[in-house]
Amino acid sequence: GAVVSQHPSWVICKSGTSVKIECRSLDFQATTMFWYRQFPKQSLMLMATSNEGSKATYEQGVEKDKFLINHASLTLSTLTVTSAHPEDSSFYICSAGLDEGDTQYFGPGTRLTVL
Amino acid sequence: KQEVTQIPAALSVPEGENLVLNCSFTDSAIYNLQWFRQDPGKGLTSLLLIQSSQREQTSGRLNASLDKSSGRSTLYIAASQPGDSATYLCAPATSGSRLTFGEGTQLTVNP
């Protein structure tokens with residue numbers, strides 16, 4: 001099946017720094033990728049839809065200036081958490097599919113801890 | 001707004017039992033529905049995808065059914081094994097492959 005990777009798998013940073021997370025589709029091209037956030041003991045919440053070559057679409061309540069998304073190519077989307085604070089500590093997961101309506105393949109996730 | 005409920009929230013069974021996980025959703029205008037497995041601290045593994053026009057899908061010991069009009073899906077696991085222990089997530093997809101996740105069912109299969 002299709003493979004989606006994320007880098008880094010975990011990151012610890014100081015409050016106020018910015019963190020970039022990469023999501024790559026390794027063996028297929030993805031026009032659209034999705035970014036989710038998962039807090040402990042909770043389910044995944046969609047943050048934004050990343051569209052190649054255009055601006056991301058953010059879910060209600062997600063600050064677009066804090067969570068910067070860049071989908072520069074058909075195989076790479078990046079999420080930058082700007083000026084991270086402890087409340088941003090979470091598990092961030094991306095997904096991609098071959099076509100609309102097809103199976104979504106998820107990356108292994110990135111655990112962010114902000115001190 | 002799509003809302004997804006999964007019952008039960010947690011389930012503990014002895015090895016070998018057949019079991020059923022339930023999922024209900026409020027917006028029946030879905031493209032498909034996926035069942036995922038998540039191990040602690042890990043990403044998601046897709047188990048089954050049912051298109052909105054389908055009634056069920058089978059993969060090995062797993063069988064998922066979909067009743068779109070009533071907003072329900074079930075995941076049936078036959079002859080459960082300790083390796084099946086994980087959290088199972090149901091996620092219907094609306095337009096543009098947007099998934100809405102339930103809270104999940106945490107399954108423990110005891111040897």
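Up top is the structure.
Treat the numbers as computed from the prediction; the structure is a model and nothing was measured.

What follows is about the pattern of salt bridges. Applying the stated criterion across every chain, the model contains five salt bridges over all chains. Of the charged contacts, one joins Asp88(A) and Lys66(A) as a salt bridge, the two residues approaching to 2.9 Å between their closest N and O atoms. You can see Asp88(A) sitting in the loop between β8 (76-81) and β9 (90-97) and its partner Lys66(A) sitting in the loop between β6 (57-58) and β7 (67-73), a full 22 residues away along the chain. Looking at Asp88(A), the relative accessible area reads 5%, which means it is buried. Put simply, Arg37(B) and Asp39(B) hold a salt bridge, and the shortest N to O gap is 3.1 Å. Exposure remark for Arg37(B): the relative accessible area of 17% places this residue in the buried category.

Residues and elements named next belong to chain A. With antiparallel pairing, four strands are arranged side by side in an open sheet as β1-β3-β8-β7. Edge positions in the sheet fall to β1 (4-7) and β7, since each of these pairs with one other strand and no more. Within this sheet the neighbouring strands show an average axis-to-axis angle of 15°, counted without direction. Summarising the sheet, strand β3 (residues 19-25) and β8 pair through six bridges and their orientation is antiparallel.

Turning our attention to the sheet that holds strand β6 (residues 56-59) of chain B. In sheet architecture, strand pairing relies on hydrogen bonds along the backbone and comes in two forms, parallel and antiparallel. Residues and elements named next belong to chain B. Spatially, β1-β3-β8-β7-β6 is the arrangement adopted by the five strands of the open sheet, whose pairing is antiparallel. Two strands in the sheet have a free side with no partner beyond their single neighbour: β1 (4-7) and β6. On average, adjacent strands in this sheet sit at an angle of 15° to one another, irrespective of strand direction. Bridge count between β1 and strand β3 (residues 19-25): four bridges; the pairing is antiparallel. Of the residues in β3, the one forming a bridge with Thr5 is Ser24.

Time to look at the nonpolar core. Counting 25 residues, the largest nonpolar core has Trp35(A), Phe67(A), Leu79(A), Tyr92(A) and Leu112(A) as its most contacted members. Contributions of two or more residues to this core are made by β2 (10-13), β3, β4 (32-38), β5 (44-51), β7, β8, β9 and β11 (110-114) of chain A. In this structure Leu112(A) touches Val11(A), Cys13(A), Val19(A), Val81(A), Asp88(A), Ser89(A), Ser90(A) and Tyr92(A), once residues within four positions along its chain are discounted. Core analysis: the next-biggest nonpolar cluster, separate from the first, contains 21 residues, Cys23(B), Ile30(B), Ala64(B) and Leu75(B) among them.

Before going further, it helps to spend a moment on the interface of chain B and chain A. Reports often express the size of an interface as the amount of accessible area lost when the parts come together. With 21 residues of chain B at the contact, the number on the chain A side is 22 residues. Taken over both partners, the interface formed by chain B and chain A buries close to 1600 Å², and the fraction arising from carbon and sulfur atoms is 50%. At the junction of chain B and chain A, the tally comes to one salt bridge. Arg98(B) serves as the salt-bridge partner of Glu59(A), at 2.5 Å between the closest nitrogen and oxygen. At the boundary of chain B with chain A, the tally comes to five residue pairs in polar contact (both at pLDDT 80 or more). If you list the elements that add at least two residues to the side of chain B that touches chain A, you get β4 (32-38), β5 (44-51) and β10 (98-99) of chain B. A breakdown of the residues in the side of chain B that touches chain A according to their chemical character gives seven nonpolar, 11 polar and three charged.

With that settled, the discussion passes to the side chain of Asn63(B). Residues and elements named next belong to chain B. When you line up the elements, Asn63 lands in strand β7 (residues 62-67). Judged by relative accessible area, Asn63 falls into the buried class, the value being 19%. A polar contact is formed between the side chain of Asn63 and the side chain of Thr58, at a distance of 2.7 Å. In this view, Asn63 contacts Leu48, Glu56, Gln57, Thr58, Thr74, Leu75 and Tyr76; residues no more than four positions away in its chain are not counted.

Below, the discussion takes up the side chain of Ser25(A). Residues and elements named next belong to chain A. Here Ser25 lies in strand β3. Taking relative accessible area as the criterion, Ser25 reaches 3% and is therefore assigned buried. A polar atom in the side chain of Ser25 sits 2.7 Å from the backbone oxygen of Phe28. Once residues within four sequence positions are removed from consideration, Ser25 is found in contact with Val3, Ala30, Met33, Leu74 and Thr75.

Cut-offs and rules
- Residues numbered from 1 in each chain as written.
- Chains lettered and ligands numbered in written order.
- Predicted model: local features only at pLDDT ≥ 70, side-chain atom pairs only at ≥ 80, totals over all residues.
- Heavy atoms only, no water.
- Salt bridge = Lys/Arg side-chain N within 4 Å of Asp/Glu carboxyl O.
- Helix = DSSP H or I, 4+ residues; strand = E, 2+ residues; numbered from the N terminus.
- Buried < 20%, exposed > 50% of the residue type's maximum accessible area, 1.4 Å probe, protein only.
- Pairing = 2+ DSSP bridges.
- Axes fitted to C-alpha atoms, helices over the stretch in contact; angles between N-to-C directions.
- Core = buried A, V, L, I, M, F, W, Y, C linked by side-chain atoms within 4.5 Å.
- Contact = heavy atoms within 4.5 Å.
- Buried area = accessible area lost by both parts, 1.4 Å probe.
- Polar contact = N/O pair within 3.5 Å; in protein donor to acceptor, adjacent residues only side chain to side chain.
- Nonpolar A, V, L, I, M, F, W, Y, C, P; charged D, E, K, R; others polar.

Scope: geometric values only; no functional claims are made or implied.
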